[in-house]
Amino acid sequence: MALSRRTRRVVVTVVVAVVALALVGLGLAGNFLVDFALNPRSEVSMANMMRTEGVDGLDYAEAPKLDEGYAEEAASWFEAEKRSVSHRSDNGTVLLGWELDGSEDGAYADGHTWAVVCHGYVGKPADMAKYAYHFSQLGMNVLAPAARGHERNVDTGLIQMGWGDASDLVGWVDDIVARDPEARILLFGTSMGGAEVMMASGMDGLSENVRLIVEDCGYTSVWDEFALQLGNVFGLPCFPILNVADAACLLRAGYTFESASAVESLRKASVPMLFIHGDADTFVPFSMLDECYDACASAVKEKLVIEGAGHGLSASTDPTLYWTTVDTFVSNNL
């Protein structure tokens, strides 16, 4: 039976209203996820969950910490020796970081060797103290920049998940080279910082003074990592919520989750690279190691698997193997 014209109008009106409400709901959900994951000022956030409630894959209570004494010594050194340094980004934003001198009797104490260490998601440069300390003891000058939305850069906008930070990293490197044209530079990062250095690896304009890159437990792309955490934290599928959040991120933060890809940058990389991952990592899945390693176009590349190490815990789980491998790779390629 054909519907009357009035009935058809009512049906169309109801359908349009339902669709509009659904779209509004999706938009609100997308914006909520952007705030939850990327807004450092949000009261309801992944950062607060990580600090107070715990997140799957980040339960460190029972994790081995074989370098705990060294880490404490390094933290004290970092606090005592750090000095403030700044970088003006391409869009005029002033970013802050910390700089530390290398030991005068280390193997690389020539004044021209630098390690740039990049911290993880909702972290801070001081979290990288034990890595900075190790490189400083080798004689390297150390730069530890804070990512956007973190530490003293908390007011510089939404968290970039390594993507915008990789562009900033290229600028930080240029600052070093401007001061020291003979600089030999190592880029090192863990977790989000690992993704950051991988994303920088294939960027146009990365200085030839960057001699090698070491990444520890970085993710393949922001999309992949958020898809995983959307399921872990909320028990929700990617579609359509992550797609809407992706669009909201583009409008609010200037990038999309899919474009923020370490894998795509690695396809254009040429610098020697070492990839490290713990095989017990579930926060940034261990499987991402091979995805990143296989994508890397560098002629010189190696990977290190630390058995039993959870997320960001490779250096604590087997410090001897970790640092022997890193130091050998540095020696062979710096």
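Residues numbered from 1 in each chain as written. Predicted model: local features only at pLDDT ≥ 70, side-chain atom pairs only at ≥ 80, totals over all residues. Heavy atoms only, no water.

### Topic: the overall build of the protein
Selection rule: Only DSSP runs of H or I covering at least 4 residues are called helices, and only runs of E covering at least 2 are called strands; the numbering of each starts at the N terminus. Only heavy atoms matter for contacts: two residues are in contact if any of them lie within 4.5 Å across the pair. In these tables, accessible area is a Shrake-Rupley quantity obtained with a 1.4 Å probe, and a residue counts as shielded only by the protein chains included in the view.
Tallying secondary structure elements over the protein gives 12 helices and 8 strands in all. Nonlocal contacts in the protein, meaning residues at least 24 apart in sequence, comprise 76% of its contacts between residues at least 6 apart. Counting every atom, the protein has about 15000 Å² of accessible surface; 54% of that belongs to carbon and sulfur.

### Quick word on the sheet that holds strand E8 (residues 301–306)
Either a parallel or an antiparallel arrangement is found when strands of a sheet pair, and the pairing is made through backbone hydrogen bonds. Here is the rule: A pair of strands counts as paired when DSSP detects no fewer than two bridges linking them. Note on definitions: angles span 0 to 180 degrees between N-to-C directions of axes, and those axes are lines fitted to C-alpha atoms, for helices only across the stretch in contact.
Pairing within the open sheet is mixed, and its 8 strands lie in the order E1-E2-E4-E3-E5-E6-E7-E8. This sheet does not close on itself; its edge strands, each paired only once, are strand E1 (83–88) and E8. Pairwise comparison of adjacent strand axes, ignoring direction, gives a mean angle of 20 degrees for this sheet. Relative to strand E4 (residues 141–145), strand E3 (residues 113–118) is paired through 3 bridges, and the arrangement is parallel. Within E4, the position partnered with Ala-115 by the bridge is Val-142.

### A short note on the packing of aromatic side chains
Let me state the cut-off plainly: Stacked, edge-to-face and tilted are the three classes for Phe, Tyr and Trp ring pairs, Trp counted by its six-membered ring, which pair at centre distances within 6.5 Å; planes under 30 degrees apart are stacked, over 60 edge-to-face, the rest tilted.
Under the defined criterion, the tally for this structure stands at 12 aromatic pairs. Ring centres of Trp-77 and Tyr-133 lie 5.0 Å apart, and the angle between their planes is 35 degrees; on these two criteria the pair is classed as tilted. Here Trp-77 is found in helix H3 (residues 68–81), whereas its partner Tyr-133 is found in helix H4 (residues 129–137), with 56 residues between them in sequence. Ring-pair connections join several aromatic residues into one group, and the members of that group are Tyr-131, Phe-135, Phe-188, Tyr-322 and Trp-323.

### A short note on the pattern of salt bridges
Rule in force here: A carboxyl oxygen of Asp or Glu within 4 Å of a side-chain nitrogen of Lys or Arg is what we treat as a salt bridge.
Applying the stated criterion across every chain, the model contains 13 salt bridges. Among the ionic pairs, Lys-82 bridges to Glu-79, the shortest N-O distance being 3.2 Å. Overlapping salt bridges bring together Arg-83, Glu-99, Asp-101 and Arg-179 as one network.

### Regarding helix H10 (residues 287–295)
One turn of an α-helix holds 3.6 residues; hence residues three or four places apart share an orientation. Keep this limit in mind: Type-normalised accessible area, obtained with a 1.4 Å probe on protein chains alone, sets the label of each residue: buried when under 20%, exposed when over 50%, and partly exposed for intermediate values. What the arc covers is the set of directions going from the helix axis to the C-beta atoms.
Here H10 has its buried residues at Met-288, Leu-289, Cys-292, Tyr-293 and Ala-295. Seen along its axis, H10 keeps its buried residues to an arc of 165 degrees; they face one direction. Looking at the packing, one finds that the buried side of H10 touches helix H6 (192–201), helix H7 (222–234), helix H9 (262–266), strand E7 (273–278) and E8.

### Quick notes on the packing of H4 against helix H12 (residues 319–333)
Short version of the rule: Roughly parallel refers to an angle under 35 degrees, roughly antiparallel to one over 145, roughly perpendicular to one between 65 and 115, and oblique to any angle outside these ranges. A clockwise turn of the near helix away from the far one marks a right-handed crossing, whereas an anticlockwise turn of less than a right angle marks a left-handed crossing. Each residue is assigned to one of three groups, with Ala, Val, Leu, Ile, Met, Phe, Trp, Tyr, Cys and Pro labelled nonpolar, Asp, Glu, Lys and Arg labelled charged, and all others, Gly among them, labelled polar.
One can describe the packing of H4 onto H12 by two numbers: an axis separation of 12 Å at closest approach and a directional angle of 50 degrees. Regarding the angle of H4 to H12, the classification is oblique. Where H4 crosses over H12, the handedness of that crossing is right-handed. Residues Lys-130, Tyr-131, His-134 and Phe-135 of H4 touch H12, and the partners they reach there are Tyr-322, Trp-323, Val-326 and Asp-327. For the contact of H4 with H12, the residue count by class is 5 nonpolar, 1 polar and 2 charged.

### Side note on the side chain of Asn-39
Our working rule: Side-chain atoms alone can form a polar contact between residues adjacent in sequence; in general such a contact is a pair of N or O atoms within 3.5 Å, and within protein one must be able to donate a hydrogen while the other accepts it.
Residue placement: Asn-39 occurs in the loop between helix H1 (5–38) and helix H2 (46–53). Separated by 3.1 Å, the side chains of Asn-39 and Asp-35 make a polar contact. In contact with Asn-39, other than residues within four places in its own chain, are Val-34 and Leu-158.

### Here we look at the confidence of the model for the protein
So the rule is basically this: The pLDDT score gives, residue by residue, the confidence of the prediction method on a 0 to 100 scale.
Of all residues in the protein, 88% have pLDDT values of 70 or greater, and the mean over the chain is 88. Here residues 10–27 scores under 50 on pLDDT; set against residues more than four positions off or in separate chains, the count is 4 contacts.

### Some thoughts on the side chain of Ser-201
Residue placement: Ser-201 occurs in helix H6. Classification of Ser-201 as buried rests on a relative accessible area of 6%. From its side chain, Ser-201 meets the backbone oxygen of Met-198 in a polar contact 2.5 Å long. Discounting residues that sit within four places of it in the chain, Ser-201 has contacts with Leu-206, Ile-213, Ser-265, Leu-266, Lys-268, Ala-269 and Met-273.

### Remarks on unusual backbone geometry
In most cases, non-glycine residues show a negative phi, while peptide bonds are predominantly trans. One non-glycine residue, Met-161, lies in the positive phi region at around 55 degrees. Mapped onto the secondary structure, Met-161 falls in the loop between E4 and helix H5 (163–179). If you check the backbone angles, Ser-191 has positive phi at about 55 degrees while not being a glycine. Within the secondary structure, Ser-191 sits in the loop between strand E5 (184–190) and H6. Residue classification places Ser-191 among the buried positions, given a relative accessible area of 11%.

### Some points on the environment of Ala-280
With respect to the element layout, Ala-280 can be found in the loop between E7 and H10. A relative accessible area of 38% means that Ala-280 is categorised as partly exposed. Residues Ala-280 and Ile-306, spaced 26 residues apart in sequence, show a C-alpha to C-alpha distance of 8.6 Å. Those residues in contact with Ala-280 that sit more than four places away from it in its chain are Gly-308, Ala-309 and Gly-310.

### Considerations on the packing of H3 against H4
The contact between H3 and H4 brings their axes to 8 Å, and the two run at 80 degrees. For the element pair H3 / H4, the angle class is roughly perpendicular. Where H3 approaches H4, its residues Tyr-70, Ala-71, Glu-73, Ala-74, Ala-75, Trp-77 and Phe-78 are matched on the opposing element by Ala-129, Lys-130, Ala-132, Tyr-133, His-134, Ser-136 and Gln-137. Its residues assigned to classes, the contact of H3 with H4 comprises 9 nonpolar, 3 polar and 2 charged.

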